[in-house]
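# Report on the structure
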Amino acid sequence: MKLKYELIKKDKQTSARLGRLTTDHGSCETPIFMPVGTQASVKTLNPEELVAAGSSIVLANTYHLWLRPGEDVIEAAGGLHKFMNYSGPILTDSGGFQVFSLADTRKITEEGVTFKSHLDGSNLFLTPEKSIEIQSKLGSDIVMSFDECPAYPNTYDYIKDSALRTLRWAERGKKIKLKSHQNLFGIVQGGEFEDLRKMSALETVKIGFDGYAIGGTSVGEGKDVMYKMVEYATKYLPEDKPRYLMGVGDPLDFFEGIKRGIDMFDCVLPTRIARHGNAFTRSGKLNIRNLKYKLDFNPLEEKCDCYACQNFSKAYIRHLIIAKEVLGGRLLSIHNIRFLTKLMEDIRLSLKEDRFLEFEQEFLKQYKGK
RNA sequence: GCGGUUAUGGUGAAGUGGUUAACACGCUAGAUUGUGGCUCUAGUAUUCGUGGGUUCGAUUCCCACUAGUCGCC
């Protein structure tokens, strides 16, 4: 069965949307946050904990699984779902971003990208066809097109060439056969340039995909620029398909993205900052290593229903993080994922009740972001 | 009791007769956005056991004291 996106409701004051996404492995309401499990594992958590933390769709990464253990191993296991014992929806990123983040030794040509493995330095060659073939073997529910994620800032001419190349790559990738339950998303590029975002969006839609992502964001461009990039693109995306803002996971960015019509977000932030001792709370981010929590025997957040808050104190989690015990990072990861999934639940509820902007105001009053 | 030896921040320790006393750990704070990396960044001794002396100048040289340590009786 192909992916189904139902647009349940449109916000009257903003471009926010309430929707439902249905795959062969289950459905979820949008807007939604998707935790990242790069190597077929959301770091430190097992699938049960992930689901208990409110997650209903996760990411995995083509580049990482291609190198290790290899897509054939996962195919032999019966696909990613069976391999990692997770039965919910999975989205796989194409590896385009890794090409960007491991940029030291890469060379981009029309055919594809040559770069070095971060594991053993061996030379690798990834093409749009190869990326989709790997994802086909992985068996994820949502497959991402192989794009180029250009660095920021960049010249207009480069971004234009790059966006056009990404379009050609998208067409090539689309020709690769996927499994019947799989769906392919295209990625809009175009940097900070309005006309290029428009061109990229319109042309990507012309090729035709099951959903559309906005790429090339959260690469150091600054918030205002990012919001603009989103705006420039979502205008030209069809209403009846989901929109996914790649790599964005700051609570404040959720509001800004949703306001502009975004349905899906993914980010490593909740799990990465967790392992470094930080927690999201309704009043802002908290660094559990801070001295002031040494004798604080209250939970991270009083009203939080997550496993960490229901069972442990800040003082204990602080001790675990300082002592470098893995349980500390686990508990903070559980909490942070729950924080973001709960925030999305609250946002969806506010959309249902026609008070999205009011809820945003309420949230911002308490939340001290940067 | 005698002789030797050492004495630098929270810890382990470098070092020099003369501008801001290495480095590591710890501690304190910050960062982190389609995860290579429990990672990265910054701050953290107005002062070198105590008291004298030599010197233009001493944490560095000398003396005494105190404390630790080793050996001998």
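Scroll up for the structure.
Keep in mind it's a predicted model, so treat the numbers as computed, not measured. (Residues numbered from 1 in each chain as written. Chains lettered and ligands numbered in written order. Predicted model: local features only at pLDDT ≥ 70, side-chain atom pairs only at ≥ 80, totals over all residues. Heavy atoms only, no water.)

### Thoughts on helix α8 (residues 194-207)
- Here α8 contains 14 residues, and its C-alpha end-to-end distance of 20 Å stays within 8% of the 20 Å for a straight helix at 1.5 Å per residue.
- Listed in full, the buried residues belonging to α8 are L196, R197, S200, A201, T204 and I207. Viewed along the axis of α8, the buried residues span an arc of 130°, placing them on a single side of the element.
- Next to the buried residues of α8 lie α7 (156-174), β11 (183-188), β12 (211-214) and α9 (223-234).
- Within two residues after α8, G208 carries a phi angle of roughly 95°, on the positive side. (Helix = DSSP H or I, 4+ residues; strand = E, 2+ residues; numbered from the N terminus. Expected span 1.5 Å × (residues − 1). Buried < 20%, exposed > 50% of the residue type's maximum accessible area, 1.4 Å probe, protein only. Arc of directions from axis to C-beta. Contact = heavy atoms within 4.5 Å.)

### Remarks on the protein's contact with RNA strand B
- The environment of RNA strand B is made up of 44 residues, and the closest members are Q98, C149, G247, T271 and N278.
- In the environment of RNA strand B, a sugar or linking oxygen lies 3.3 Å from a nitrogen or oxygen atom belonging to the side chain of D266.
- Between RNA strand B and N287, the relevant distance is 3.4 Å, taken from a phosphate oxygen to a side-chain nitrogen or oxygen of the residue.
- Of the residues assigned to the surface near RNA strand B, the class counts are 15 nonpolar, 16 polar and 13 charged. (Near = heavy atom within 4 Å. Polar contact = N/O pair within 3.5 Å; in protein donor to acceptor, adjacent residues only side chain to side chain. Nonpolar A, V, L, I, M, F, W, Y, C, P; charged D, E, K, R; others polar.)

### Some remarks on the packing of aromatic side chains
- According to the stated counting rule, one finds 15 aromatic pairs in the structure shown.
- On the numbers, 5.9 Å between centres and 40° between planes, the contact of F255 with F359 is tilted. You can see F255 sitting in helix α10 (residues 251-259) and its partner F359 sitting in helix α15 (residues 356-366), a full 104 residues away along the chain. An identical accessibility class is assigned to F255 and F359; each is buried.
- Relative to F363, the ring of F255 has its centre 5.2 Å away and its plane inclined at 40°; by these criteria the two rings are tilted. You can see F255 sitting in helix α10 and its partner F363 sitting in helix α15, a full 108 residues away along the chain. Across the pair, exposure class does not vary: F255 and F363 are buried alike. (Phe/Tyr/Trp six-rings, centres within 6.5 Å; stacked < 30°, edge-to-face > 60°.)

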